[in-house]
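Here is what each chain is made of, one letter per residue.
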Amino acid sequence: MSVHPVPADKTASKLIDLQQIFTWLLADGIVDKVDVKMRFTAAQGILRNAALTMHPLTAVAQSKLTSALPPHRLLSLDMLTEWMAGKVKLPFYRIDPLKIDFTTVADVMSASYASRFHILPVELSATDLIVATAEPYAVEWQAEIAKITRRTVKLVIASPLDIAQYTAQFFTLAKSIKGAHKLNGQDAGSRNNFEQLVELGKGNRQVDANDQHIINIVDWLWQYAFEQRASDIHLEPKRDFSAIRFRIDGILHQVYQVPATVMIAMTARIKLLGRMDVIEKRRPLDGRIKTRTPQGQEIELRLSTLPTAFGEKMVMRIFDPEVVVKTLPELGFPPADAVRWDQLTKRSHGIVLVTGPTGSGKTTTLYTTLKALATSEVNVCTVEDPIEMVEPAFNQMQIQHGIDLTFADGVRALMRQDPDIIMVGEIRDLATAEMAIQAALTGHLVLSTLHTNDAPSAVLRLLELGVPYYLLESTLIGIMAQRLVRTLCSHCKTPDGTLLDDVWTNLTEGFDIPKPAAVYRPVGCPECRHTGFRGRTGLYELLTVSQAFSKSIKAETDIHELRQQSIRDGMKPLRIAGALKVVEGVTTVDEVLKVTSALT
């Protein structure tokens, strides 16, 4: 990003006002001369009625101003801020909390100083200090900060609401981390790793998990994870520091580094809330927490710890309850496959399998399906390891290895509970497979998961476990393999010409799918944190077991014969599902090849 100091002739202390903004809007044709008075009055009324000091840009955004220029979009605060940055010839800066070392920038000035001038330091290097502001002409503070920091102060324009929000959060969090670290003085005395260093004369007192500083840090961690759409939070102890990482859209991002003592206390705090054994650090532990977002939405976190060379590592998997209320098309199902899947799962008996690697969305698909099936007229029971999301519409049971309650034992117990639909978390062994088949033979619909590369391979996997082929022939009614691919950001994706003929031919080999006239490529913008992708969608390979397919299941089954028969029965392989998403402009060929490369 190119940033520059404020021009010398613009250093007068002057706040941007509503009149200045509307003068610019009128000059750029964003507001018509006919409407300008009405629009100005509306924004003025919002500004006058604001409980706190409001930036005029915020008032304009809240007035729901629509641009007079094509395509006549509603102007959001971010759009207005970026537009104003162009008017004052300064770079627009989208504050990304994942990319700011707030402990370092918080050392530049006090929270009260930043609040007084409505500024926020966002980047600090050996020579430069970049400061975000929404008041480019009110810079009486600039010379003072430049002198104190001995750096060149460069301004960027950011949303006034973001500046206010992150000023409060960053300084509070930096204070909490420093306070928690100060309680112990040094990291080395309390590190719990295989390279323990004992310093004579140093205290070995641990930071208290219930210390207010630690409570603030953990609350911030969860809040940021929810805001950034993270699916997992990783707390990773290292030799000299501890790292916090978020998995967003399937990719891990470094968020922050904290002192080892602070990480130990954070882990202890989370274990305490998850009703886990805080003292036990020598073996892996599991737990769960239900919490609530600032917007009031309940979210479940599944906790898992692992002893490592440098201490206790923790991963928190975030389960959003809103996922299970999505429809199949919202998950990425093509309309035709959604109809076929509904027909399969509404059968009165039989086995339906969902296959794919860990993290491919199998659980989401099953929960979404069961949620739709769980009416007051049916009894839906599940046996899981562990229960992923607590859902009141189901009767859920968790297996317990400590008391020898296995999947097979769970299914056996559920059979005496008058079930209509049984969901088995995973078929891992012959005993579980046999109980699932027994349930299907006695008139129940059984849904479960397997770890295989594609749908036809599930048959081979069950045969390898020792299931007789004739039982599969009589109970198996459908198999679906799935993957998740990142979707292109709708705000910044751009056409990128046409694909090479050989690339498209290799991707769609054996299927007559017209090559798209144009494909899209990722660009990167503030909405997607400059990755070019935002969110993920599913690729689905749905195999409906036909009579011809059943006859192909034999003791010595040929997987190639099964695959060819399933295609004749209407199954589209995962790579074809991906190719169709490319045609729709949803994702890229590279993303499809990344998740389906093992199938080629």
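Residues numbered from 1 in each chain as written. Predicted model: local features only at pLDDT ≥ 70, side-chain atom pairs only at ≥ 80, totals over all residues. Heavy atoms only, no water.

A. Local environment of the sheet that holds strand 14 (residues 445–450). Pairing within the open sheet is mixed, and its seven strands lie in the order 12-11-13-14-10-15-18. Strands with a single pairing partner mark the edges of an open sheet, and in this sheet they are strand 12 (395–398) and strand 18 (533–544). With direction set aside, neighbouring strand axes in the sheet form an average angle of 20°. Each of strand 15 (476–488) and strand 18 touches helix 22 (residues 589–596); the most contacted strand, strand 15, lies at about 135° to it. (Pairing = 2+ DSSP bridges. Helix = DSSP H or I, 4+ residues; strand = E, 2+ residues; numbered from the N terminus. Axes fitted to C-alpha atoms, helices over the stretch in contact; angles between N-to-C directions. Contact = heavy atoms within 4.5 Å.)

B. Up close: empty space enclosed by the protein. Tallied over the entire structure, the rule returns two cavities of 30 Å³ or more. Estimated volume of the second largest cavity: approximately 50 Å³. Lining the second largest cavity, in full, are Ile 248, Asp 249, Ile 251, His 253, Arg 486, Arg 529, Thr 531 and Phe 533. (1 Å grid on protein atoms, 1.4 Å probe; cavity = no way out; pocket = protein on both sides within 12 Å on 5 of 7 lines; lining within 4 Å. Points joined across faces, edges and corners; volume = space filled by probe spheres on them.)

C. Spotlight on unusual backbone geometry. Cis geometry marks the peptide bond from Pro 70 to Pro 71; its omega dihedral reads 5°. Residue placement: Pro 71 occurs in the loop between helix 3 (56–62) and helix 4 (77–87). The omega torsion across Asp 385 and Pro 386 is -10°, close enough to zero to call that bond cis. Positionally, Pro 386 belongs in the loop between strand 11 (380–384) and strand 12. For Arg 229, which is not glycine, the phi dihedral falls at a positive 60°. Within the fold, Arg 229 resides in the loop between helix 9 (212–227) and strand 4 (232–237). The phi angle at Asp 404 is positive, at roughly 60°, despite the residue not being glycine. Looking at the element boundaries, Asp 404 is found in the loop between strand 12 and helix 14 (407–414). Exposure remark for Asp 404: the relative accessible area of 59% places this residue in the exposed category. (Buried < 20%, exposed > 50% of the residue type's maximum accessible area, 1.4 Å probe, protein only.)

D. Quick peek at the pattern of salt bridges. Inspection of the entire model under this criterion finds 25 salt bridges. In this structure, Glu 300 engages Arg 288 in a salt bridge whose closest nitrogen and oxygen atoms are separated by 3.1 Å. In this pair, Glu 300 is assigned in strand 8 (residues 298–308) and Arg 288 in strand 7 (residues 285–292), connecting sequence segments twelve residues apart. Classification of Arg 288 as partly exposed rests on a relative accessible area of 23%. Note that Lys 371 and Glu 391 form a salt bridge whose closest N and O atoms lie 2.9 Å from each other. Of the two residues, Lys 371 is situated in helix 13 (residues 362–373) and Glu 391 in the loop between strand 11 and strand 12; the sequence distance between them amounts to 20 residues. A relative accessible area of 30% means that Lys 371 is categorised as partly exposed. The exposure class assigned to Glu 391 is buried, which follows from its relative accessible area of 11%. (Salt bridge = Lys/Arg side-chain N within 4 Å of Asp/Glu carboxyl O.)

E. Inspection of the UniProt feature "domain: Bacterial type II secretion system protein E" (unreviewed entry) in the protein chain at higher detail. Following the UniProt record, the feature "domain: Bacterial type II secretion system protein E" (unreviewed entry) maps to residues 415–429 here. Helix makes up 0% of residues 415–429 and strand 27%, whereas the separation of the span's terminal C-alpha atoms amounts to 19 Å. (UniProt positions renumbered as here; feature names shortened; annotations may be inferred.)

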